[in-house]
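The residues making up each chain are set out below.
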Amino acid sequence: MKGKRITKKDLLDALKKFLKDELALLIAFERDNKAFKIRAYKKDVPDICLFNPVYEANTAIYLRRIFSEDFKILCIFRPCEARAYVELTKLTQVESRSVICGSVDCFGTVSSKLDNIVFPENPQDLKSFLENSKNLRYACMTCRLKNGVFGDFGLRIDSDWNLWVIPYTGKANVLYELISSAESDLPREFLENQERNGQVFQSSLDEFKRDFDKCIMCLNCRDICPVCYCVDCVFNNDEYLPKGDALINSILRSNDAQIPKNKEMYHFIRMYHVSQTCVGCGGCEEACPQGIPLTKYYKGISERLSGLFDYVSGRDFEEKIPYTTFREDELPNADD
Amino acid sequence: MEKGFEIKDDVNIVGFTCSYCAFKASEMAGSLRLKYPEGVKVIQVPCSSRVDPAFVIKAIFEGADGVFVAGCHPGDCHFIKGNYFTRRRIYALKEMFEAFSMKGRLKLFWISAAEARKFVEKVTEMYNHLKEGKK
Amino acid sequence: MKTGIFICHCGHNIKHTVDVKELSEYFKEIPNVYVATDYAFVCSEPGQEIIKESIEKFELDRVIIASCTPSLHGELFKDLLKKSGLNPFLLRRVSIREHCSWTGDDLKKNTEKAKKLILAGLFSVVHNLPFEEKVVEVDKSALVIGGGISGLSAACFLSKMGIRVYLIEKEKELGGHVKRLNNVWPYEKTGKEIVESLVSELVKADNVQIYTGARLELLEGYFGNYNVKITADGEREMNFKVGGVIVATGFEPFDPYLKPELGYGRDRRIVTTLEIEEKLNEVVLPEKPRVAILHCVGSRDETLGKSYCSRICCINALKVARMIKEGYENAYIECFYMDVRAHPKGGEEFYEETQVKGVFFTRGNVAEVVPLSRCVLIRGEDTLLGEVFEKEFDLVVLSIGMSSQSENKRLSQLLKVSLDKDGFFMEAHIKLRPFDTAVKGIFIAGCCSGPKDVEESINHGKASALKLFGMLNKGYAYVEPFVADVTEKRCSGCRMCESVCVANAIKYDARKRVVKVEEAQCMGCGLCNATCPSSAVTLLGYSDMILMDEISGLLARL
């Protein structure tokens, strides 16, 4: 694998050139004074922020159902966001011919709910700031996939703090070719991200019930989830989440029921639905108004379940989602 | 209902059985007058691959103590490959149940149309196991 | 919604362990249940009359019959609903016999269980839709795969009944293994004679097409309308349509090379029963020959993964013993057996006679056959005496068993019919439907479903032919309307269902970005339904709503 060693300015020049194209769009982060925002650039790009320490939502949700083939939409995302994009291409929820999505090395993030945090501008300082921050989100604290090795290209930092652009797919050329620096072999070492060994998730039904007791079934966690892609979720319908007469009917049948009904079932089913595709970004927890520790459960379950099939969501465009494939000779002891 | 003979401590097991193998075995178990606990009730589905894990989860949260999914042996599926998908899904779902310390509440059985005795053995064993845990 | 519930006593079968009165009283109280009643035999004429009258009187639009398992009396009750002017798909059968009264003895517990089973039916029957059963024309023709004795028998029968027959045989000649037999038990007829009489009948018939050197390449469609592609004589490709199929691929003789310790192939004094029967005259033996016959070669042998009995080899061994005894009166013949299972009629008597005629029987395991220059040495263990022996013989005959055709694996995939653990085709039900496969319109005949002797194979072939004839002769068939169906507005177009569909029945519409189902190709397994996270694909007849309400019913708190 080869790459180009660049400066931030080289990158910006290339992006500016890229935007010369009528049909080109750039989606990236910007630093606006103290605030960090997601922004789409159409004509010009004054500056972008590569290392955004504030997490709002998984940016990949904005790529969902982009089906137009006419545009060239270049995205510079965090690894967890690029992975969600890869999953969405597998599920034909985004036209992969128009979207080119790369990932940048990530130092971890804090919740956008927190105010008054002043982040250092210099990447070196930012990295050590975040590493020592007690505000780091649970999802980032337990993240083992912080390197920009996902998606169509990567923007990575080597151990001497040089920036590299590395193409992973042919599509990356729209950016890669615009960078004037010479191509070379990759450095031996990239910046090391602190690897935290997550424990295998283990809980109990009682603990789960306690934690989810607060749930008000607002379904925010579903709506903000990048891989919950269904245009019409089963929980919009009466058979899974009865409302009105259907609710009364179902209560009559079971004699008594908690209202809102089926909230434990909802989380269990949703956990199963995203059990292979969950990227562990923790977006659900950010969206939860009740402060339920959703990441612990959703990410924990997905790590256990995808681990059964050596699957890592968003690792590879070609890797099939485990539930859609099988090997005849596998799992000889699956039955009881 | 007024006559009231509710059996409170009974164990409820819901089983999903495929039309071509496990359901046939359950029919044969009846014909052979093999006995198994009343708490075990089966639902017929065309193929074990029809079993959406959502059904299993629903059954558990509606009060089932245990759920089993029973299909043809791998390679013998009437729909050729359906049970290979069942195997992956239910295997994963069992792992999820284990993560919530609910091991043993979901089981996957391969029961051919001829294995009425195996059907009875398996469901009885599951029943007894759950009953033991409930005490 | 007006529901009627009819609870069957099935004489004492249900009533004995389920309080049927309690059930009908209980369900009468439930809203929307217009009639709940119990009767001695719901399937009897008066029983049917009660249902018919109730449907008419109360204008019922859903009917629940709680009785035996739904596989029984299906057509009868469907017809009853039709006669009563109600769509037959609005019927729900609840099994309270096979799944309740017969599986437990406790009246209270059984009644409780039956209540829940019926409740499940009651909750889910609401979602039953009045489907139209599709009637399809049935092509009065059959494909017979295999021109051995059972295939020939089946083909002859069908041809005589006026069914067009396509008979395909992989060898260059018809007749299979029987053709090679010198002496077919118990008639002393040669196999050739039997085969030739059947073949000449077929050749004369004007509704039979015979293809030799042929191979099935493709079978598509459903009962009544199968499209077949074969290649004959090595390359000629042929396409035709048939209504049904009879699989009669027979067996492969056990390959004795798989038991190298028996020395087959290393010496011409070690032969199989098939060989010796064909060419006893060619074997040179001394005047007073010593002959060993080893039973169960390739049968009842766990080490080979063949635990089954091949049924024919004991009688074959006895036959060979007698043949030799007739040619060489002074022969010393010793059979090494596990158990002598002289299956066919008259077999036991034949075994007795053989012993009287001086053939010795030793119950033993033969460990090794060693050809030496002066003799063939057999080492083994006498399992009655518990002693090890070493004996010398001039000839060793291996009574080989039957193995499944290696071709079966490929065929089973083409036909979508399962094989059993030994590679034989599996019956739909070993006792109740021994000629059917799980696939409608595909039958099995002869040794392809397990070892059989000649007589059994002929009968099996004829019986399968008769069953198929009964289905074809009607000229039409009903097709179940339970196929997958897409609700477009719920479909996200993620194509997961498409990637799992085994029947390739799901196609992606790139313009609309949703999937659609090719009904004719759909097998109705429901895998797509379970794969779709938003249940945009529904398996009609087994929708999420039906199954989820069934679950609720089973778990209802009474």
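Computed from a predicted structure; not experimentally measured.

Each strand in a sheet pairs with its neighbour through backbone hydrogen bonds, running either in the same direction (parallel) or in the opposite one (antiparallel). Residues and elements named next belong to chain C. The strand order across the open sheet built from seven strands is 14-20-15-16-17-18-19, with neighbouring strands paired in mixed fashion. For this open sheet the edge positions go to strand 14 (270-272) and strand 19 (387-393), each flanked by a neighbour on one side alone. In this sheet, adjacent strand axes meet at a mean angle of 40 degrees when their direction is disregarded. Pairing of strand 18 (residues 376-382) with strand 19 involves seven bridges; the strand directions are antiparallel. Bridging across to strand 19, Leu 377 finds its partner in Glu 392.

All names here are of chain B. The strand order across the open sheet formed by four strands is 2-1-3-4, and the pairing between neighbours is parallel. Looking at which strands have only one partner, the edges of the open sheet turn out to be strand 2 (40-45) and strand 4 (106-110). Pairs of neighbouring strands in the sheet enclose a mean axial angle of 20 degrees, with direction left out of account. Relative to strand 3 (residues 66-71), strand 1 (residues 13-18) runs parallel, the two being bridged by five bridges. Looking across to strand 3, one finds that Thr 17 is bridged to Ala 70. Packing against the sheet, helix 3 (residues 82-99) makes contact with strand 3 and strand 4, and its axis sits at approximately 155 degrees to strand 4. Of the strands in this sheet, strand 1, strand 2, strand 3 and strand 4 are in contact with helix 4 (residues 116-134), which crosses strand 3 at around 165 degrees.

The next thing to look at is the nonpolar core. A general tendency of soluble globular proteins is for nonpolar side chains to be buried together. In this structure, Phe 16 and Phe 100 of chain B together with Phe 27, Ile 96 and Ile 118 of chain C are the most contacted members of the largest nonpolar core, which totals 140 residues. Broken down by element, the residue count for this core peaks at eight residues, all from helix 5 (residues 107-125) of chain C. Setting aside residues no more than four positions away along its own chain, Phe 100 of chain B makes contact with Phe 201, Gln 202, Ser 203, Ser 204, Leu 205, Phe 208, Phe 268, Met 271, Tyr 297 and Ile 301 of chain A. Residues Leu 15, Ala 24, Leu 130 and Ile 157 of chain A belong to the second largest nonpolar core, which totals 41 residues.

Below, the discussion takes up a nonpolar patch on the surface. A cluster of nonpolar side chains, Val 135, Tyr 476 and Tyr 478 of chain C, forms an exposed patch at the surface whose accessible area comes to about 270 Å². Assignment of secondary structure puts Tyr 478 of chain C in strand 23 (residues 476-479).

For the rest of this paragraph, the subject is the state of the cysteines. Across all of its chains, the model carries one disulfide over all chains by this definition. What pairs with Cys 21 of chain B in a disulfide is Cys 72 of chain B, and their sulfur atoms sit 2.4 Å apart. On the sign convention where negative means left-handed, the S-S torsion of about 100 degrees between Cys 21 of chain B and Cys 72 of chain B marks this disulfide as right-handed. Of this pair, Cys 21 of chain B sits in the loop between strand 1 and helix 1 (22-31) while Cys 72 of chain B sits in the loop between strand 3 and helix 3, placing them 51 residues apart in sequence. Classification of Cys 21 of chain B as buried rests on a relative accessible area of 4%. With no disulfide of its own, Cys 278 of chain A lies 6.5 Å from the sulfur of Cys 225 of chain A, the closest cysteine sulfur. Its sulfur unpaired, Cys 528 of chain C is 6.2 Å from the next cysteine sulfur, which belongs to Cys 525 of chain C. Taking relative accessible area as the criterion, Cys 528 of chain C reaches 10% and is therefore assigned buried.

Next up on the list: helix 11 (residues 408-415) of chain C. Residue and element names in this part refer to chain C. Burial in helix 11 covers these residues: Asn 408, Leu 411, Ser 412, Leu 414 and Leu 415. Down the axis of helix 11, the smallest arc covering the buried residues is 160 degrees, so these residues share one side. Contact partners of the buried residues in helix 11: strand 6 (141-145), strand 9 (215-222), strand 12 (244-247), strand 21 (402-404) and strand 22 (442-444). Positive backbone phi, approximately 60 degrees, marks Lys 416, located one or two places after helix 11.

Let us now look at the packing of aromatic side chains. In total, this model carries 43 aromatic pairs over all chains according to the counting rule given. For the pair Phe 89 of chain C and Phe 131 of chain C, a centre-to-centre distance of 5.8 Å together with 80 degrees between the ring planes defines the contact as edge-to-face. Linking Phe 89 of chain C in the loop between helix 3 (74-83) and strand 4 (91-95) with Phe 131 of chain C in the loop between helix 5 and strand 5 (134-137), this pair joins segments that are 42 residues apart in sequence. In textbook terms, an aromatic cluster arises when at least three aromatic residues are bridged by ring pairs, as seen for Phe 201, Phe 208, Phe 212, Phe 268 and Tyr 297 of chain A together with Phe 61, Phe 97 and Phe 100 of chain B. Directly above the ring of Phe 150 of chain A sits Arg 83 of chain A, whose terminal nitrogen or CZ lies 5.6 Å from the centroid. Of note, Arg 513 of chain C hangs over the ring of Phe 67 of chain A, and the distance from its end group to the ring centre comes to 3.7 Å.

Summarising the element assignment, Ser 204 of chain A is placed in the loop between strand 10 (183-185) and helix 6 (205-212). When its relative accessible area of 23% is taken as the criterion, Ser 204 of chain A is described as partly exposed. Every residue in contact with Ser 204 of chain A, bar those within four places of it in the chain, is listed here: Ala 99, Phe 100 and Ser 101 of chain B. Of the polar contacts made by the side chain of Ser 204 of chain A, one reaches the backbone nitrogen of Glu 207 of chain A; its length is 3.1 Å.

This brings us to the domain arrangement of chain C. Residues and elements named next belong to chain C. For chain C, the assigned domains are domain 1 (3-131), domain 2 (141-250 + 405-476), domain 3 (257-396) and domain 4 (484-540). When each unit is reduced to the centre of its C-alpha atoms, the spacing between domain 2 and domain 3 is 33 Å. Facing twelve residues of domain 2, the contacting portion of domain 3 comprises 17 residues. For the pair domain 2 and domain 3, the two sides together bury roughly 1400 Å², of which 55% comes from carbon and sulfur. Ranking the residues of domain 2 by area buried against domain 3 places Arg 180, Trp 185 and Pro 451 at the top, with a combined share of 47%. Linking domain 2 to domain 3 there are two salt bridges. In this structure, Glu 278 engages Arg 180 in a salt bridge whose closest nitrogen and oxygen atoms are separated by 3.2 Å.

So, on to the side chain of Ser 133 of chain A. Residue and element names in this part refer to chain A. Inspection of the secondary structure puts Ser 133 in the loop between helix 3 (123-131) and helix 4 (138-141). Judged by its relative accessible area of 16%, Ser 133 is buried. There is a polar contact of 2.9 Å between the side chain of Ser 133 and the backbone nitrogen of Asn 135.

Okay, the packing of helix 6 of chain A against helix 9 (residues 263-273) of chain A next. All names here are of chain A. Here helix 6 crosses helix 9 at 110 degrees, and the two axes come no closer than 10 Å. Taken together, the axis directions place helix 6 and helix 9 in an arrangement best described as roughly perpendicular. The two elements helix 6 and helix 9 cross, and the hand of that crossing is right-handed. Of helix 9, the residues touching helix 6 (which contributes Leu 205, Phe 208, Lys 209 and Phe 212) are Lys 263, Glu 264, His 267, Phe 268 and Met 271. Each residue belonging to the contact of helix 6 with helix 9 can be placed in one class, and the counts come to five nonpolar, one polar and three charged.

Looking now at the interface of chain A and chain C. Between chain A and chain C, the contact holds 23 residues from the first and 21 residues from the second. Taking both partners together, chain A and chain C bury about 2100 Å²; carbon and sulfur atoms supply 51% of that area. Among the residues chain A hides against chain C, the three largest losses belong to Glu 239, Arg 253 and Thr 324 of chain A. Together they make up 29% of the total. Remark: the boundary between chain A and chain C carries three salt bridges. Between Arg 513 of chain C and Glu 95 of chain A there is a salt bridge, and its shortest N-O distance comes to 3.5 Å. Across the chain A-chain C interface, the total number found is seven residue pairs in polar contact (both at pLDDT 80 or more). For the side of chain A that touches chain C, the elements supplying multiple residues, two or more each, are helix 8 (244-254) and helix 9 of chain A.

Residue and element names in this part refer to chain B. Compared with the 26 Å implied by 1.5 Å per residue over 18 residues, the 26 Å span of helix 3 between its first and last C-alpha is a close match. For helix 3, the tally of buried residues reaches 16 of 18 residues, placing the bulk of the element in the interior. Directly beyond the C-terminal end of helix 3, a positive phi value near 55 degrees is found at Ser 101.

As a further point, take the domain arrangement of chain A. All names here are of chain A. Along its sequence, chain A is organised into domain 1 (2-191) and domain 2 (205-324). Averaged C-alpha coordinates put domain 1 and domain 2 at centres separated by 28 Å. The partner domain 2 presents 31 residues to the 33 residues of domain 1 that form the contact. For the pair domain 1 and domain 2, the summed buried area comes to about 2400 Å², and 58% of that belongs to carbon and sulfur atoms. Measuring nitrogen to oxygen at the nearest pair gives 3.3 Å for the salt bridge that ties Glu 286 to Arg 137. At the surface where domain 1 touches domain 2, the tally comes to 18 residue pairs in polar contact (both at pLDDT 80 or more). Counting residues per element, the ones that place at least two in the side of domain 1 that touches domain 2 are helix 2 (79-90) and helix 4. The leading source of residues in the side of domain 1 that touches domain 2 is helix 2, at nine residues. Residue classes in the side of domain 1 that touches domain 2 are distributed as 15 nonpolar, eight polar and ten charged.

What counts, and at which threshold
Residues numbered from 1 in each chain as written. Chains lettered and ligands numbered in written order. Predicted model: local features only at pLDDT ≥ 70, side-chain atom pairs only at ≥ 80, totals over all residues. Heavy atoms only, no water. Pairing = 2+ DSSP bridges. Helix = DSSP H or I, 4+ residues; strand = E, 2+ residues; numbered from the N terminus. Axes fitted to C-alpha atoms, helices over the stretch in contact; angles between N-to-C directions. Contact = heavy atoms within 4.5 Å. Core = buried A, V, L, I, M, F, W, Y, C linked by side-chain atoms within 4.5 Å. Buried < 20%, exposed > 50% of the residue type's maximum accessible area, 1.4 Å probe, protein only. Patch = residues over 30% accessible without salt bridge, like charges linked within 9 Å, V, L, I, M, F, W, Y side chains within 5 Å. Areas by Shrake-Rupley, 256 points an atom, 1.4 Å probe, with all protein chains shown as cover. Salt bridge = Lys/Arg side-chain N within 4 Å of Asp/Glu carboxyl O. Disulfide = S-S within 2.5 Å. Arc of directions from axis to C-beta. Phe/Tyr/Trp six-rings, centres within 6.5 Å; stacked < 30°, edge-to-face > 60°. Lys NZ or Arg CZ within 6 Å of the ring centre and 35° of its normal. Polar contact = N/O pair within 3.5 Å; in protein donor to acceptor, adjacent residues only side chain to side chain. Domains from an automatic or database assignment. Buried area = accessible area lost by both parts, 1.4 Å probe. Parallel < 35°, antiparallel > 145°, perpendicular 65-115°, else oblique. Left-handed = near helix turned anticlockwise from the far one by under 90°. Nonpolar A, V, L, I, M, F, W, Y, C, P; charged D, E, K, R; others polar. Expected span 1.5 Å × (residues − 1).

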